[in-house]
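Chain and residue survey
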Amino acid sequence: MKLIVWGTGNLYRKYKEILSQFELTKLCDNSLDKIGGFLDGVEIIAPSQLKKYDFDYIVVMTYATEEVCHQIESLEISADKVILYSQLWCLKEGDICVHCGNKTMGFDNWIIQNPNSILLISHNFSYTGVPVAIKNMANVLRRMGYSVLIAAMEGGTFERELLFEMIDYIDDLELGYQTEYFKNMLQQFIAIVVGTFDLYRIAETILCIKTPTIWWVHETYEMYYMGKEKVPQRVGLKFFAGGNRVKKIFTAHYRECDMQKLQYCIPDFNRKIFPRKKDVRMVVSVIGTVIERKAQDILLEALVRMPEDYRNKLKVIFVGKIDESDDIFVKRIMQQKSHMDNLEWILEMTQERLDEFYSHIDVLVCPSRDDPMPIVVTQAMMHEKICIVSENVGQAEFIEQQKNGFVFPNENAEILKEILIWLLENRDQCAAIGKASRKIYEEEFSEKVMEKNLNRILSELFFMRDT
């Protein structure tokens, strides 16, 4: 099969191994700087030259699909000759691959072997909140008697968690979510869970089917709502918010849309016994990608403001990888860090290591400028740890000051400093606050609560489908 690939940027680099399985006649790009050059041994041509060459399909490897398709149409090339990056499944032989442990299986065989199945969709398989929430929901659904399949737009390191827990998954949804095959695939499930508003781009396909659908929204930051003037709606599609903060912001954008709350759950690992390393200092941790939204700089500023004799009573541990796209913020963090002798930095952890890590800390600080309902805070609550969060963190709605945790005004390093000093001066009260913190987990985020909520929601959706 002869292909011409339009686009030589990030998407091409990301999927060039798949494309290289076919005969690449030419590459095409609008950039004058690239035209006439070569990439991976293939010549880059201008769009005006396309009709000179023999090809079966033009594959559009750019997110600006609408503009490129208009340009191809103006060149009088048939739309039947165009495949978008989100339709690459069309080039595959056979059906779509499902990962089942260390083996793979075609989807058509998988669905025959797994009746009464529910599809859960994530934006990716990274060690971030949504994939963890989706995985935990999948385990609850399995205990309720359903088969589950998790699909993500792209793969990632979180796949090892799915392998460990023997959850079947698809890791390349980005390459097929605009195909007829995907539409037919969706209709073979008894229900669908769309795990984030970031998956807005698959809405057109979901609107074409009648499968009961839970659209589980977790976003509070404005960037995810830009350019999305109307939210897709149909009978059997219900929106759920991961907390009051999400619901408030979502309904402000879409006043006509009814939305209910559905908290995620996490399994109860608090009964595991992990020996704690002895440390007379109070151990304080921030867990999350180092990026401006997560506001690690606010904690560092609070520590710098603290009198040295208090600061020396603390050990601070950062857990999380650096977001290299936010270079200015990372440089600021590195400069602040250089003044700290008692700060340790650990890169990304597996969930198993993270559960053990909580046993070695006293306090979790989540200073985020904007964070819908971070799982790390809930995990710390489950482990009876004191949580200090900014007012823009979702769990703030459950916290009573000095009783089951602490809330400080957004970006207010001075108040955060005072809370840390209070804890150092009142260490005898910390255990009671930690136990009260766990009550939040039990009442809002336990698997038992999730199962009760899912039973109600699915019953309502199935009733709507059958009437």
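About the thresholds
- Residues numbered from 1 in each chain as written.
- Predicted model: local features only at pLDDT ≥ 70, side-chain atom pairs only at ≥ 80, totals over all residues.
- Heavy atoms only, no water.
- Salt bridge = Lys/Arg side-chain N within 4 Å of Asp/Glu carboxyl O.
- Helix = DSSP H or I, 4+ residues; strand = E, 2+ residues; numbered from the N terminus.
- Buried < 20%, exposed > 50% of the residue type's maximum accessible area, 1.4 Å probe, protein only.
- Axes fitted to C-alpha atoms, helices over the stretch in contact; angles between N-to-C directions.
- Parallel < 35°, antiparallel > 145°, perpendicular 65-115°, else oblique.
- Left-handed = near helix turned anticlockwise from the far one by under 90°.
- Contact = heavy atoms within 4.5 Å.
- Nonpolar A, V, L, I, M, F, W, Y, C, P; charged D, E, K, R; others polar.
- 1 Å grid on protein atoms, 1.4 Å probe; cavity = no way out; pocket = protein on both sides within 12 Å on 5 of 7 lines; lining within 4 Å.
- Points joined across faces, edges and corners; volume = space filled by probe spheres on them.
- Pairing = 2+ DSSP bridges.
- Phe/Tyr/Trp six-rings, centres within 6.5 Å; stacked < 30°, edge-to-face > 60°.

Inspection of every chain in the model, using the stated rule, returns 30 salt bridges. Of the charged contacts, one joins Lys-14 and Glu-154 as a salt bridge, the two residues approaching to 2.5 Å between their closest N and O atoms. One end of the pair, Lys-14, is in helix α1 (residues 10-19); the other, Glu-154, is in the loop between β10 (147-152) and α5 (159-164), and 140 residues separate them in sequence. Of the residues examined, Lys-14 reaches a relative accessible area of 36% and is grouped as partly exposed. Glu-154 gets classed as partly exposed once you look at its relative accessible area, which sits at 29%.

Let us look at the packing of helix α12 (residues 351-358) against helix α13 (residues 375-382). Orientation of α12 relative to α13, taken along the N-to-C sense of each, is 50°, at an axis distance of 10 Å. Between α12 and α13, the angle is such that the two are oblique. Along this stretch, α12 crosses α13, giving a crossing that reads as right-handed. From α12, Gln-351, Leu-354 and Tyr-358 reach across to α13, where they touch Val-376, Gln-379 and Ala-380. Counted by class, the contact of α12 with α13 contains 4 nonpolar, 2 polar and no charged residues.

The next subject is empty space enclosed by the protein. As enumerated under the stated definition, the model contains 2 cavities of 30 Å³ or more in all. Taken as a whole, the largest cavity holds about 60 Å³ of empty space. In this structure, the largest cavity is lined by Val-132, Lys-135, Asn-136, Ile-266, Pro-267, Phe-269, Gln-351, Asp-355, Gln-379 and Met-382. Where the lining of the largest cavity is concerned, the elements lending two or more residues are α4 (129-143), α12 and α13. In terms of residue class, the lining of the largest cavity is made up of 5 nonpolar, 3 polar and 2 charged. The volume enclosed by the second largest cavity comes to roughly 50 Å³. Around the second largest cavity, the lining residues are Val-286, Ile-287, Lys-294, Gln-296, Leu-364, Val-365, Cys-366, Pro-367, Ser-368, Asp-371 and Val-376. Residue contributions to the lining of the second largest cavity peak at 3 residues, all from strand β19 (residues 363-366).

Turning our attention to the sheet that holds strand β2 (residues 23-28). In spatial order, the strands read β3-β4-β2-β1-β5-β6; together these 6 strands make up an open sheet with mixed pairing. Both outer strands of the open sheet, β3 (38-39) and β6 (82-84), are each paired with one neighbouring strand and no more. Sheet topology places strand β1 (residues 2-6) next to strand β5 (residues 57-60); 4 bridges connect them, and they run parallel. Note that in β5 the partner of Leu-3 across the bridge is Tyr-57.

So, about the packing of aromatic side chains. Tallied over the full model, the rule gives 23 aromatic pairs. Geometrically, the ring pair formed by Tyr-225 and Phe-250 is edge-to-face, given 6.3 Å between the ring centres and 65° between the ring planes. Linking Tyr-225 in the loop between β13 (213-217) and β14 (237-241) with Phe-250 in helix α8 (residues 244-253), this pair joins segments that are 25 residues apart in sequence. Here the two residues Tyr-225 and Phe-250 agree in accessibility, since each one is buried.

This paragraph deals with the environment of Phe-406. Here Phe-406 shows up in strand β21 (residues 406-408). Distance from Phe-406 to Glu-391, taken between C-alpha atoms, is 9.5 Å for residues 15 residues apart in sequence. The residues contacting Phe-406, other than those within four sequence positions of it, are Ile-386, Cys-387, Ile-388, Val-389, Ile-399, Gln-401, Ile-419, Trp-422, Leu-423 and Ile-433.

Below, the discussion takes up the sheet that holds strand β16 (residues 282-287). One open sheet holds the 6 strands; their spatial order is β18-β17-β16-β19-β20-β21, and the pairing between them is parallel. The open sheet has two edge strands, β18 (343-346) and β21, and neither has a second partner. Across the sheet, the mean angle from the axis of one strand to that of its neighbour is 20°, orientation sign disregarded. Inspection of the sheet shows strand β20 (residues 386-390) paired to β21 by 3 bridges, in the parallel sense. Within β21, the residue paired with Ser-390 across the bridge is Phe-408.

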